[in-house]
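Topology and contacts: notes
So you can see what is in the structure, the chains are spelled out below.
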Amino acid sequence: MKKYTVLIALLLLMSRIASAHIVADSVGVEKKDGKRFILHRVNQGQTLYAIARRYSSSVSAIKAANPTMGDAVRYSQIVRIPIPEGSLSRKQEKTIDKAIRKEEKVKERAAKNNSDAATKATAKQQNKEARKSSDPAKAGIHVVEPGQTLYSLAVRYGVAQSDLRKWNSLPGNNVLIGQALIVSEKAYQARTPSAPVASVPVKTPNPAHPDTPTRTSPKSERPTSKKPDETVTAKTENPTPKPDNAGSPKTDNPATAKTEEVEVEIPHPGNDAPMPTRGRRIATSGVAEMIEGDDSGKYLALHRKAPIGTLVQVRNEFNNQSLWVKVIGRLPDTGVNDKILIKLSTQAFAKLSPEDRRFRAEVSYIAP
């Protein structure tokens, strides 16, 4: 009876190895300290006594093979069943030992594969984090996830809530899922634009020699630093003629001085022209989103207050990209738009924020 039970367990083991399928109770054979054991998985309602009877063993022998086991067994527990010495032939022992070695190799190979997969996953994550940290456009930026609040983000990054509100121009402590926030002083300073100072060379006439062509000094001939596509207009009027001894103005130079004129780039949808200096400038900050279903291919927008037809300048506060768009309608006053300042067409949104679903924007325009 003992040999019959052991052979059944051996056949079950060989079947499991061949098909990679674990049977309900007998899950294999184990060799430990020179002794062989059948590994049994406890069934629902099965007792230690019933297990001993099934394998023609004794409760004391099973408890001796499982020192940490108490008087009771639990469902799905693995129990060692000792195979008595001399109950197997030499051939059976070799067959079992061979099966055990094969199973151990399978386990070692699986453990190695799992270890290699975990190592690759860790390396991939580290490379991803390294690329993210080395990307100036993403350093110091956190995208809000479900359940996160301004307080939890302040605790996470070790900063004050007031700083987070300042860095992101937030009116309160509310944040939106998917919103990209600046979470470090360094990132805030890197994204704060500095006011450019432009200088323009001016040509002046030479009153001492009216017939001599007017030249600018070497210093004024040096090129000025200006933003791309940014032009400035400068005009130099003729100097006021000084009166002579008779009280009439001198007219030594009948020819008027030449005036240098450079056209100023006019804002139009899609370009990044500078903000006009004349007029009352209105600027607000808030969240920008994309107009759903837009396929116009133009630079358009829906705004809360700007008059329809107005050109507004939209600047992404995280990457400092900006462009002009044309307001074609009012932003619907619904609950989903409570925290939205402006919605942009697909073309405009892709140019300002090709990666994020929404971004913090500064919207400026000249009041009519």
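Keep in mind that this is a model prediction, so the values were computed, not measured.

**As for the pairing of strand E2 (residues 35–41)**
For E2, the tally of buried residues reaches five of seven residues, placing the bulk of the element in the interior. For E2 and strand E3 (residues 78–82), the ladder comprises five bridges, and the chain directions are antiparallel. The partner of isoleucine 38 across the bridge, within E3, is isoleucine 81.

**Looking at the pattern of salt bridges**
The tally for this structure, following the rule as stated, stands at seven salt bridges. Taken together, the salt bridges that share partners define one network made up of Lys31, Arg36 and Asp97.

**With respect to the nonpolar core**
Looking at soluble globular proteins, one finds that nonpolar side chains tend to be buried together. One finds Leu164, Val312, Val314, Val325, Ile342, Leu344 and Phe359 to be the most contacted residues of the largest nonpolar core, which totals 34 residues. Mapped onto this core, the elements with two or more residues apiece are helix H5 (150–157), helix H6 (161–168), strand E5 (180–182), strand E8 (311–316), strand E9 (322–330), strand E10 (340–344), helix H9 (346–352) and strand E11 (359–366). For this core, the element with the most residues is E11, which contributes four residues. Split by domain, the residues of this core number at least three in each of domain 2 (137–190) and domain 3 (280–367). In contact with valine 312, other than residues within four places in its own chain, are Ala306, Leu323, Trp324, Val325, Val327, Ile342, Val363, Ser364 and Tyr365. In terms of nonpolar packing, the next biggest core, distinct from the first, is built from 16 residues, Val29, Tyr55, Ile83 and Ile100 among them.

**Details of the packing of aromatic side chains**
One pass over the structure, following the stated rule, counts two aromatic pairs. Considering the side-chain rings of phenylalanine 349 and phenylalanine 359, the 5.3 Å spacing of their centres and the 50° angle between planes classify their relative orientation as tilted. With a gap of ten residues between them, phenylalanine 349 in helix H9 and phenylalanine 359 in strand E11 connect regions that are remote in the sequence. We note that phenylalanine 349, like phenylalanine 359, is buried.

**With respect to the sheet that holds E10**
Judged by pairing direction, the barrel is mixed, and its six strands sit side by side in the order E6-E10-E7-E9-E8-E11 before closing back on the first. Averaged over all pairs of adjacent strands, the angle between strand axes in this sheet comes to 45°, irrespective of strand direction. The pairing of strand E6 (residues 281–290) with E11 spans eight bridges and is classified as antiparallel. Opposite arginine 281, over in E11, you have isoleucine 366 as the bridge partner.

**Concerning a positive patch on the surface**
A cluster of basic residues, Lys98, Arg101, Lys102, Lys105 and Arg109, forms a positive patch at the surface. Tracing the backbone shows lysine 102 in helix H4 (residues 90–134).

**A closer look at the side chain of glutamine 148**
Note that glutamine 148 resides in the loop between strand E4 (141–143) and H5. At 2.8 Å, the side chain of glutamine 148 forms a polar contact with the side chain of histidine 142. For glutamine 148, the side chain forms a polar contact with the main-chain nitrogen of glutamate 145, separated by 2.8 Å.

**Some details on H5**
Listed as buried for H5 are Leu150, Leu153 and Ala154. Across the axial projection of H5, the buried residues extend over an arc of 100°, all falling on one side. Along H5, exposed side chains directed more than 90 degrees from the buried face belong to Tyr151, Val155 and Arg156. Contacts made by the buried residues of H5 are with E4, H6 and E5.

Conventions adopted
- Residues numbered from 1 in each chain as written.
- Predicted model: local features only at pLDDT ≥ 70, side-chain atom pairs only at ≥ 80, totals over all residues.
- Heavy atoms only, no water.
- Buried < 20%, exposed > 50% of the residue type's maximum accessible area, 1.4 Å probe, protein only.
- Helix = DSSP H or I, 4+ residues; strand = E, 2+ residues; numbered from the N terminus.
- Pairing = 2+ DSSP bridges.
- Salt bridge = Lys/Arg side-chain N within 4 Å of Asp/Glu carboxyl O.
- Core = buried A, V, L, I, M, F, W, Y, C linked by side-chain atoms within 4.5 Å.
- Domains from an automatic or database assignment.
- Contact = heavy atoms within 4.5 Å.
- Phe/Tyr/Trp six-rings, centres within 6.5 Å; stacked < 30°, edge-to-face > 60°.
- Axes fitted to C-alpha atoms, helices over the stretch in contact; angles between N-to-C directions.
- Patch = residues over 30% accessible without salt bridge, like charges linked within 9 Å, V, L, I, M, F, W, Y side chains within 5 Å.
- Areas by Shrake-Rupley, 256 points an atom, 1.4 Å probe, with all protein chains shown as cover.
- Lys, Arg positive; Asp, Glu negative; His and termini not counted.
- Charge placed at Lys NZ, Arg CZ, Asp CG, Glu CD.
- Polar contact = N/O pair within 3.5 Å; in protein donor to acceptor, adjacent residues only side chain to side chain.
- Arc of directions from axis to C-beta.

Everything listed here is a matter of coordinates, which is why it stays silent on function.
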